[in-house]
Amino acid sequence: QRLSGPQMVSAEQLQAWGAYLYPEPRELSAFALVDDQGQLFDNQRLQDKWTLALFGFTRCPDVCPAGMAILKQFHKIMAGSPLAENTQVVLVSVDPEHDTPEVIGSYVKQFDPSFIGVTGDQRQIQELAHQLHVVFADQGDQSHEGHVAILHSSQIVLFDPQGRLAGFFRSPH
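So, here is what we can say about the structure in this document. (Residues numbered from 1 in each chain as written. Predicted model: local features only at pLDDT ≥ 70, side-chain atom pairs only at ≥ 80, totals over all residues. Heavy atoms only, no water.)

### Topic: helix H3 (residues 101–111)
Each α-helix turn comprises 3.6 residues. Residues three or four places apart therefore point the same way. Every buried residue belonging to H3 is among Pro101, Ile104, Gly105, Tyr107, Val108 and Phe111, and all of these are buried. The buried side chains of H3 occupy one side of the element, clustering within an arc of 165 degrees when seen end-on. H3 presents Glu102 and Gln110 as exposed residues on the side facing more than 90 degrees away from its buried surface. Looking at the packing, one finds that the buried side of H3 touches strand E2 (32–35), helix H2 (63–78), strand E5 (87–93) and strand E6 (116–119). (Buried < 20%, exposed > 50% of the residue type's maximum accessible area, 1.4 Å probe, protein only. Helix = DSSP H or I, 4+ residues; strand = E, 2+ residues; numbered from the N terminus. Arc of directions from axis to C-beta. Contact = heavy atoms within 4.5 Å.)

Here it is in structure tokens:
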């Protein structure tokens, strides 16, 4: 399955929308995180579905709510299409100290009940983010208006149904 083809979207249109697909999807090293139900979220959970993933955190004041709102819109537009059943949306927390499975689950379900929140060990999150070219850094006490200061990438990562890194959508989405 590709996102382009005669009746689909051209590579030029994808790039105009901020989508970049790798010529060949990239395999991922093994990772093990936890979803909002306390269940293992690993490479196997990326199988058999297209996955759109955003790295962020629940106390983010702007980038994350905006990205999640776009994913909600996309999910609504896609409803009823053949891809709808084969697509999942995931928010991976870059603030695992605060974003427990319960906290991140409550957050993502505000956008859509089918969205999945993922958290886990900081080292595992960093290793996965590194593979995906996602960067984030805790700015410590530099909070603004009571918000935690964690700088992070805003791209939405795209995984293919074989669990490989297929591309990404850059901001603005």
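### A look at the side chain of serine 93
Assignment of secondary structure puts serine 93 in strand E5. At a separation of 2.6 Å, a polar atom in the side chain of serine 93 contacts the side chain of aspartate 99. Sequence-distant contacts of serine 93, that is, excluding residues within four places in its chain, are made with Gly56, Phe57, Asp99, Ile104, Val118, Thr119 and Ile125. (Polar contact = N/O pair within 3.5 Å; in protein donor to acceptor, adjacent residues only side chain to side chain.)

### Digging into the packing of H2 against H3
Interaxial distance between H2 and H3 falls to 9 Å at its minimum, and their mutual angle equals 50 degrees. In terms of axis orientation, H2 runs oblique to H3. Judged by residue contacts, Cys64, Pro65, Met68, Ala69 and Lys72 of H2 engage Tyr107, Val108 and Phe111 from H3. Within the contact of H2 with H3, the residues separate by chemical class into seven nonpolar, no polar and one charged. (Axes fitted to C-alpha atoms, helices over the stretch in contact; angles between N-to-C directions. Parallel < 35°, antiparallel > 145°, perpendicular 65-115°, else oblique. Nonpolar A, V, L, I, M, F, W, Y, C, P; charged D, E, K, R; others polar.)

### Re the nonpolar core
In terms of nonpolar packing, the biggest core is built from 39 residues, with Phe55, Met68, Leu71 and Leu132 touching the most fellow members. Mapped onto this core, the elements with two or more residues apiece are strand E4 (50–56), H2, E5, H3, E6, helix H4 (122–131), strand E9 (156–159) and strand E10 (165–169). The element contributing the most residues to this core is E4, with five residues. In contact with methionine 68, other than residues within four places in its own chain, are Leu54, Leu91, Tyr107, Val108, Phe111 and Phe115. (Core = buried A, V, L, I, M, F, W, Y, C linked by side-chain atoms within 4.5 Å.)

### Some points on the packing of aromatic side chains
One pass over the structure, following the stated rule, counts four aromatic pairs. Seen in terms of ring centroids, tyrosine 20 and phenylalanine 168 are 5.4 Å apart; in terms of plane orientation they differ by 25 degrees. Their pairing is stacked. Taken together, the residues tyrosine 20 in strand E1 (residues 19–26) and phenylalanine 168 in strand E10 connect sequence positions 148 residues apart. Under the relative-accessibility criterion, tyrosine 20 is labelled partly exposed at 28%. On the numbers, 6.4 Å between centres and 40 degrees between planes, the contact of phenylalanine 31 with phenylalanine 41 is tilted. With phenylalanine 31 in the loop between E1 and E2 and phenylalanine 41 in strand E3 (residues 40–42), this pair connects stretches of sequence that are ten residues apart. Classification of phenylalanine 41 by relative accessible area gives buried; the value is 3%. Three or more aromatic residues joined by ring pairs form one cluster here, namely Tyr20, Tyr22 and Phe168. Positioned over the ring face of tyrosine 22 is arginine 26, at 3.8 Å from the centre of the ring. (Phe/Tyr/Trp six-rings, centres within 6.5 Å; stacked < 30°, edge-to-face > 60°. Lys NZ or Arg CZ within 6 Å of the ring centre and 35° of its normal.)

That is the geometry; function is a separate question.
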